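The primary structure of each chain is shown beneath.
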Amino acid sequence: MSLLLDHLFTDLPPDRAVDTGLFLDSVSHLPAFIDCLGSKVFSLIKSDIIGNITKIRGVYEKDPQRFVTLQQILEAERQDHASEWPKVGATLALMWLKRGLRFIQILLQSLADGEKDENNPNLIRVSITKAYEGSLKRYHGWLVQKIFKAALMAAPYRSDFIKALSKGEEVKEEECLEKVRHFLVNFTATVDAIYDMYTELNAELDYTV
Ligand code: 03F
């Protein structure tokens, strides 16, 4: 059984409210994948993701009954930190975390769709670049874009990435991609719902780091 299928994101309710506890549980399994990618360059990315999950969890655990949904956290912080919001607390942490999730979503979708560089079919740079352009690039200044380029060079081969997604087991590529497609259903719906919430609450910022 692959790791991906062990930790599926849950179905959203009709109003698309994201349950904070369930979201944190699901998302906390993602950083382990980054260890499987095999280069130290990725530890920076991993600690950024873990840092943001920890920040959101810290707010949630102060009052889980008050913060049942992610939207309740954003609304409470908007009230409590009027002058700084949305560049504050869990609102800021989730703003960045969702961009990393969008990156992962586009990357996995591109692999699932079979997008390839025909000259280098065992590289996944085409998919990684597509994911970066669709999620993070516009928020990165030249220095961080350079870090991205270094990470791109250190990216695993398609076959090794597929193996990493399958907990190190040798599985057929198509079998793994079928699981990825299954994983993507609720994962994509959740990421979309979080993006829509940021738009509706006017909580999105576009500064670069
Ligand atoms: C801003 C910013 N965070 C931080 O400064 C930058 C960190 C390093 C970014 C390096 C870019 C490289 C990305 C692409 C790598 C390609 C890898 C390819 C692998 C195949 C924010 O930080 C803080 O987060 C916030 O808390 C703070 O308060 O302004 C705020 C203040 O600053 C970012 O740009 C977020 C970076 C997230 C990158 C996520 C990439 C995920 C990569 C790989 C995952 C692969 C595993 C997928 C498998 C999943 C299977 C289920």
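Residues numbered from 1 in each chain as written. Predicted model: local features only at pLDDT ≥ 70, side-chain atom pairs only at ≥ 80, totals over all residues. Heavy atoms only, no water.

K.L.:
Would you mind showing me how to read the overall build of the protein chain here?
P.N.:
Per the secondary structure count, the protein chain includes ten helices and zero strands. Listing the helices and strands of the protein chain from first to last along the sequence gives α-α-α-α-α-α-α-α-α-α. Against the compact-globule benchmark of 17 Å for 209 residues, the protein chain has a radius of gyration of 17 Å, which places it among compact chains. On the principal axes, the C-alpha backbone points of the protein chain span a range of 55 × 40 × 25 Å. Long-range pairs, those at least 24 residues apart, make up 74% of the contacts in the protein chain with a sequence separation of at least 6. Considering the protein chain, the positive charge centre built from 25 side chains and the negative charge centre built from 30 side chains are found 6 Å apart. (Helix = DSSP H or I, 4+ residues; strand = E, 2+ residues; numbered from the N terminus. Rg over C-alpha atoms; globule rule 2.2 N^0.38 Å. Contact = heavy atoms within 4.5 Å. Lys, Arg positive; Asp, Glu negative; His and termini not counted. Charge placed at Lys NZ, Arg CZ, Asp CG, Glu CD.)

K.L.:
Any chance you could explain the side chain of asparagine 186 here in plain terms?
P.N.:
With respect to the helices, strands and loops of the structure, asparagine 186 is situated in helix 10 (residues 173-200). Each residue touching asparagine 186, except ones within four places of it in the same chain, is listed here: Phe9, Thr10 and Asp11.

K.L.:
Got a minute to help me understand the nonpolar core in this structure?
P.N.:
The nonpolar side chains of a soluble globular protein tend to be buried with one another. In this structure, Phe23, Ile56, Leu94 and Leu97 are the most contacted members of the largest nonpolar core, which totals 64 residues. With 13 residues, the top contributor of residues to this core is helix 6 (residues 89-112). Those residues in contact with leucine 97, other than ones at most four positions away along the chain, are Phe23, Val27, Ile49, Asn52, Ile53 and Ile56. (Core = buried A, V, L, I, M, F, W, Y, C linked by side-chain atoms within 4.5 Å. Buried < 20%, exposed > 50% of the residue type's maximum accessible area, 1.4 Å probe, protein only.)

K.L.:
Mind showing me how you'd approach helix 7 (residues 125-133) here?
P.N.:
The α-helix winds at 3.6 residues per turn, so residues separated by three or four positions along the chain end up facing the same way. If you check which residues of helix 7 are buried, you get Ser127, Ile128, Ala131 and Tyr132. The buried side chains of helix 7 occupy one side of the element, clustering within an arc of 135° when seen end-on. Looking at the buried side of helix 7, the elements it contacts are helix 6 and helix 8 (142-153). (Arc of directions from axis to C-beta.)

K.L.:
Sorry, what's going on with the packing of aromatic side chains here?
P.N.:
The description of an aromatic ring pair uses the distance of the two centres, along with the angle that the planes make with each other. Scanning the model with the defined rule gives seven aromatic pairs in all. With centroids separated by 6.5 Å and ring planes inclined at 65°, the aromatic side chains of phenylalanine 9 and phenylalanine 23 adopt a geometry described as edge-to-face. One end of the pair, phenylalanine 9, is in the loop between helix 1 (3-6) and helix 2 (20-27); the other, phenylalanine 23, is in helix 2, with 14 residues separating them in the sequence. Pair check on accessibility: phenylalanine 9 and phenylalanine 23 agree, each one buried. Measuring from ring centre to ring centre gives 5.9 Å for tryptophan 96 and tyrosine 207, while their planes differ by 70°; the resulting arrangement is edge-to-face. Of the two residues, tryptophan 96 sits in helix 6 while tyrosine 207 sits in the segment after helix 10, which places them 111 residues apart along the sequence. Of the residues examined, tryptophan 96 reaches a relative accessible area of 15% and is grouped as buried. Overall, the relative accessible area of 23% leaves tyrosine 207 in the partly exposed class. Ring pairs connect the aromatic residues Phe9, Phe23, Phe183 and Phe187, which therefore count as one cluster. (Phe/Tyr/Trp six-rings, centres within 6.5 Å; stacked < 30°, edge-to-face > 60°.)

K.L.:
Please explain the UniProt feature "domain: Glycolipid transfer protein" (unreviewed entry) in the protein chain as it appears in this structure.
P.N.:
Residues given the UniProt feature "domain: Glycolipid transfer protein" (unreviewed entry) here are residues 18-166. Along residues 18-166 one finds 66% helix and 0% strand; the C-alpha atoms at either end are 27 Å apart. (UniProt positions renumbered as here; feature names shortened; annotations may be inferred.)

K.L.:
Explain the site of the ligand to me, please; I cannot follow it from the model alone.
P.N.:
Residues in contact with the ligand amount to 27 residues; listed here are only the nearest, Asp48, Asn52, Lys55, His140 and Tyr207. One nitrogen or oxygen atom from the side chain of lysine 55 is found 2.7 Å from an oxygen atom belonging to the ligand. In this structure, histidine 140 approaches the ligand through a side-chain N or O atom, which is 2.7 Å from an oxygen atom. The set of elements that each furnish at least two residues to the shell around the ligand consists of helix 3 (31-35), helix 4 (41-62), helix 6 and helix 8. The dominant element in the shell around the ligand, judged by the number of residues it contributes, is helix 4, at seven residues. Taken together, the residues that form the shell around the ligand break down as 22 nonpolar, three polar and two charged. (Near = heavy atom within 4 Å. Polar contact = N/O pair within 3.5 Å; in protein donor to acceptor, adjacent residues only side chain to side chain. Nonpolar A, V, L, I, M, F, W, Y, C, P; charged D, E, K, R; others polar.)

K.L.:
So what exactly am I meant to see when it comes to the packing of helix 6 against helix 9 (residues 158-165) here?
P.N.:
Packed helix pairs are characterised by how far apart their axes lie and by the angle those axes make with each other. The N-to-C vectors of helix 6 and helix 9 enclose an angle of 115°; their axes lie 13 Å apart at closest approach. Considering the angle they form, helix 6 stands roughly perpendicular to helix 9. For helix 6 against helix 9, the interelement crossing comes out left-handed. Each of Leu107, Leu108 and Leu111 in helix 6 lies in contact with helix 9, whose residues at this interface are Arg158, Phe161 and Leu165. For the contact of helix 6 with helix 9, a count of residues per class yields five nonpolar, no polar and one charged. (Axes fitted to C-alpha atoms, helices over the stretch in contact; angles between N-to-C directions. Parallel < 35°, antiparallel > 145°, perpendicular 65-115°, else oblique. Left-handed = near helix turned anticlockwise from the far one by under 90°.)

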